[in-house]
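Coordinates in review
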Amino acid sequence: MNNVFGLDIGTRNVVGTVGYQTDDKEFVVTAQYVKEHETRAMLDGQIHDIGRVAKTIKEVKDELEKQTGQPLEEVCIAAAGRVLKTVTTHVEYEYAQESVVTGEDVHTLDLLGIEKAQEALKEVNDTSYKFYCVGYSTVKFFLNDEVFISLEGHKANKIGEDIIVTFLPEDVVDGLYAAVGQAGLSVANMTLEPIAAINVAIPENYRMLNISLVDVGAGTSDISITRDGSIIAYGMIPHAGDELTEVIVQHFLVDFNMAESIKLQSTTSDTVTYKDIMSIEHTIPAKDVWDVAAPVVDNIAQEVSAKIRELNGDKTVSACFVVGGGGKIHGFTEKLAEDLDLPEERVALRGEEVLGDVTFEQEDIKKDPLLVTPIGICLNYYDQRNNFIMVRFNGERIKLYDNNRLTIVDAALQAGFPNDELFPKRGTPINFTVNGVARLVRGEAGEGAVVTMNGKPASINTALEPNSEIIIEPSTAGDAAEYKISQLDEYNHSVITFVINGKRVSCPRFVQVNGRLEPEDYSIRENDVIETRNYYTVRQIAQFMDLVIDTDQMIFVNNEEADLDTLVYENFSVEWKTDEYGVARIDNNTYNDTQESDNTVARTSEQMMNQVLDELHDDFAKEAEASAVPENEQPENELPKNDIQEEIQEEDSSENTITVIVNGEPVELSGKDTYIFVDIFTHISFDLQAGKGRAIATVINGRDAQFSEELHEGDQIELYWKEN
């Protein structure tokens, strides 16, 4: 016969129970003792004065050792439900593209919710203590922002949930361990008071049902919810038996202890006898006490029912069991049934009937709802469930509360392992705009975390084993997003049409990136502003068509005189004379002037862009070289260029002199009345032969420049080779 020693360490008193379980699963109580705290060493179920609580525990231990004649060295304890912290939060997960929701996705969503609740709890409590997750319950699911009952199997771009998560603070656990340690005891098993009560009040085969258990104590009413064989949520309201006692004190003018007696008598007999503070004895019908307590009973029942619905996803439960002394007051279960929209027979006070398998060797002990939790603490020892287990996570030894469904990911969360290092990470995305519309190209998906348990491959959802060795190598990020202009639909499928000498000609649109023309192999960067040009110049149209324009003849755009640099927009008409047809750079892409007016000329964006940029570069080079006289060819009576510039400045001050900024450096132009872009090549050092197939970029005041464009004082000029 191995006795089990259980302690119910309450706010008002400590209840010690010693007993053993027979082979027939009957629990025999061999000794029991109750000792009140001498001072308020505990408040709302939490130890405030460890030394005084340890003293009370030691007195209970000593008395039980006398009763049993055996030394007691190990003890089973429970944390009060009122110290649990409950956090409600909302969490979302967005897919890269529409996907079918799997059970794994829903589990991931739960984990994200637990982690978010942990962060919220740390912010509110402002403490370095850890919190053990002891339960969670989904209130409602969201599919693409619409409320759904279930997510699995649906297609979605985004899923979400409202989730209630319950935590046990580390300091509460440490306080209980410290108090029993100072009393000369070690902890054999630790559970939660609501679980201890459920072990007795709700048989295991009932827990598949959606049932609530309400433990109405002195200061608080503790609530727990079962479903699918597990306890899914815990809660507490700060209203219980003491409020009933206080209203009796005020109405009948008695002290607190007499009011407790009145309350107890009203639940067991038809009349109540008491003495008031004037020492006058009264005998009244129990109904008078019921009437006085009725408003408080109604309020407590309403608060309890509201908390049950909140914990159960905004819906009622199938049945409700009530334990604890406060729940015995007349009318409480009936009112609770009404508020829960349940038949009265589905809200029941559990006491003597659930203690049928419990035998008390002490004849003066009566089976009562008050004893449900102390007996449950002892019985929990035999299950060894809902206890704390130890594991080693990445070399660190951690303690977890075992809620019978622990997985490796729970250990990761408890150890503070970042959630984003568990799941594959995408590479850096690219955000940009095309014609004012925001675009996003996502990076490649990386690899998930590599998980092993006891040296064997595992997953984050592998069930956790006590004392196991867990190693998680963080997930990796995928390659950064890469996207080129040639991949844009606007580049490949968008054309602009002109009417040339009465014939329609379709050309691919140029693409500007941040105000500059870029070729199709340009790699798009973060925050690039991309626009498809809605115009060509006359020169660019001719180059696209492989034509040589007769510049001695007039050029007309929309019947107005124009030149080679005139802008031509969608559906504009152009009239010109040509000297000859050029040779097409690409086979089967020549312009045929015998085409009918409804035919179009089509060439690829790459061919057109490369030709225009190359020919534009050639034109710049030719004009620049024509404007420069090599030093070895200068006439003998001419001074070098720099000397000529100095003489002009000194001898002919009447000529126009301007200063422009070229690549950030001031450059003074002199010797002419007006200046065009190509003039800068005679005033700066720029090797026109260093292109090596690259195009030259010419920009004035942030826009693309024409080589014959006039320059003005203070113009900001950029000149460089574009990278292929």
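Here the structure is a predicted model, which means the values were calculated and not measured.

Cut-offs and rules
Residues numbered from 1 in each chain as written. Predicted model: local features only at pLDDT ≥ 70, side-chain atom pairs only at ≥ 80, totals over all residues. Heavy atoms only, no water. Buried < 20%, exposed > 50% of the residue type's maximum accessible area, 1.4 Å probe, protein only. Helix = DSSP H or I, 4+ residues; strand = E, 2+ residues; numbered from the N terminus. Pairing = 2+ DSSP bridges. Core = buried A, V, L, I, M, F, W, Y, C linked by side-chain atoms within 4.5 Å. Contact = heavy atoms within 4.5 Å. Salt bridge = Lys/Arg side-chain N within 4 Å of Asp/Glu carboxyl O. Expected span 1.5 Å × (residues − 1). Axes fitted to C-alpha atoms, helices over the stretch in contact; angles between N-to-C directions. Parallel < 35°, antiparallel > 145°, perpendicular 65-115°, else oblique. Left-handed = near helix turned anticlockwise from the far one by under 90°. Nonpolar A, V, L, I, M, F, W, Y, C, P; charged D, E, K, R; others polar. pLDDT = per-residue confidence, 0-100. 1 Å grid on protein atoms, 1.4 Å probe; cavity = no way out; pocket = protein on both sides within 12 Å on 5 of 7 lines; lining within 4 Å. Points joined across faces, edges and corners; volume = space filled by probe spheres on them. Patch = residues over 30% accessible without salt bridge, like charges linked within 9 Å, V, L, I, M, F, W, Y side chains within 5 Å. Areas by Shrake-Rupley, 256 points an atom, 1.4 Å probe, with all protein chains shown as cover. Polar contact = N/O pair within 3.5 Å; in protein donor to acceptor, adjacent residues only side chain to side chain.

In this section: the pairing of strand S27 (residues 495-500). Counting buried positions along S27 yields 5 of 6 residues, so the element is predominantly enclosed. With 6 bridges connecting them, S27 and strand S28 (residues 503-508) associate as antiparallel partners. Its bridge partner being in S28, Ile500 is matched across the sheet by Lys503. The turn joining S27 and S28, which pair antiparallel and follow one another in sequence, is formed by 2 residues; a positive phi near 50 degrees is taken by Asn501. The sheet contact formed by S27 and strand S37 (residues 573-575) spans 2 bridges and is parallel. The residue bridging Val499 from the neighbouring strand is Ser573, located in S37.

If you look at the biggest cluster of nonpolar residues, it comprises 60 residues, and the most contacted ones within it are Leu7, Ile9, Ile57, Leu168, Leu192 and Ile375. In contact with Ile9, not counting residues within four places along its chain, are Val14, Met42, Val53, Ile57, Ile77, Leu176, Val180 and Glu193. Counting 32 residues, the second largest nonpolar core, distinct from the first, contains Leu111, Ile114, Phe417 and Ile470.

All chains considered together, the criterion is met by 19 salt bridges. Taking the shortest distance from any N to any O, the salt bridge between Asp291 and Lys287 comes out at 3.2 Å. With Asp291 and Lys287 both in helix H7 (residues 286-311) and 4 residues apart, this pair spans about one turn of that helix.

Once that is clear, we can look at helix H3 (residues 170-182). Between the first and last C-alpha of H3 there are 18 Å, a value that for 13 residues agrees with the 18 Å anticipated at 1.5 Å per step. Among the residues of H3, Glu170, Val172, Val173, Gly175, Leu176, Ala179 and Val180 are the ones counted as buried. In the stretch just after H3, Gly184 is the one whose phi turns positive, near 85 degrees.

One can describe the packing of H7 onto helix H8 (residues 332-339) by two numbers: an axis separation of 9 Å at closest approach and a directional angle of 45 degrees. As the angle between them shows, H7 and H8 are arranged oblique. When you trace H7 past H8, the crossing you get is right-handed. Side by side, H7 and H8 meet where Val297, Asp298, Ile300, Ala301, Gln302, Val304, Ser305 and Arg309 of the first sit next to Phe332, Lys335, Leu336 and Asp339 of the second. Residues that form the contact of H7 with H8 fall into these classes: 6 nonpolar, 2 polar and 4 charged.

What follows deals with the confidence of the model for the chain. Averaged over all residues, the pLDDT of the chain is 80; the fraction at 70 or higher stands at 84%. At the low end of the mean pLDDT range in the chain sits helix H14 (residues 641-651), at 38; at the high end sits H8, at 94. Between residues 581-610, whose pLDDT stays under 50, and residues either more than four places distant or in other chains, the model counts 62 contacts. A low-confidence stretch, residues 619-654 stays under pLDDT 50, and its non-local contacts, those more than four residues away or across chains, total 33 contacts.

Further remarks concern the layout of surface pockets. Empty space within the second largest pocket amounts to approximately 570 Å³. Forming the boundary of the second largest pocket are 18 residues, of which Tyr93, Glu94, Thr108, Phe423 and Pro424 lie nearest the centre. Of all the secondary structure elements, the ones that give two or more residues to the lining of the second largest pocket are strand S7 (85-100) and helix H2 (103-125). Among the residues making up the lining of the second largest pocket, the classes are represented as 8 nonpolar, 3 polar and 7 charged.

What follows concerns the sheet that holds strand S25 (residues 456-458). Ordered in space as S21-S20-S26-S24-S25, the 5 strands form an open sheet in which the pairing is mixed. Unpaired on one side and paired on the other, strand S21 (396-401) and S25 mark the two borders of the sheet. The mean angle between the axes of side-by-side strands here comes to 35 degrees, regardless of whether they run parallel or antiparallel. By the bridge criterion, 3 bridges tie strand S24 (residues 450-453) to S25 in an arrangement that is antiparallel. Considered in S25, the bridge of Met453 is made with Lys456.

A grouping of Leu253, Ile277, Met278 and Ile280 is seen on the molecular surface, where their side chains present a nonpolar patch of about 430 Å² in accessible area. Position of Leu253 relative to the elements: it lies in the loop between helix H5 (241-252) and helix H6 (256-268).

This part is about the side chain of His239. Structurally, the position occupied by His239 is in the loop between strand S14 (230-237) and H5. Polar contacts involving the side chain of His239 include one to the side chain of Glu243, which spans 2.5 Å.

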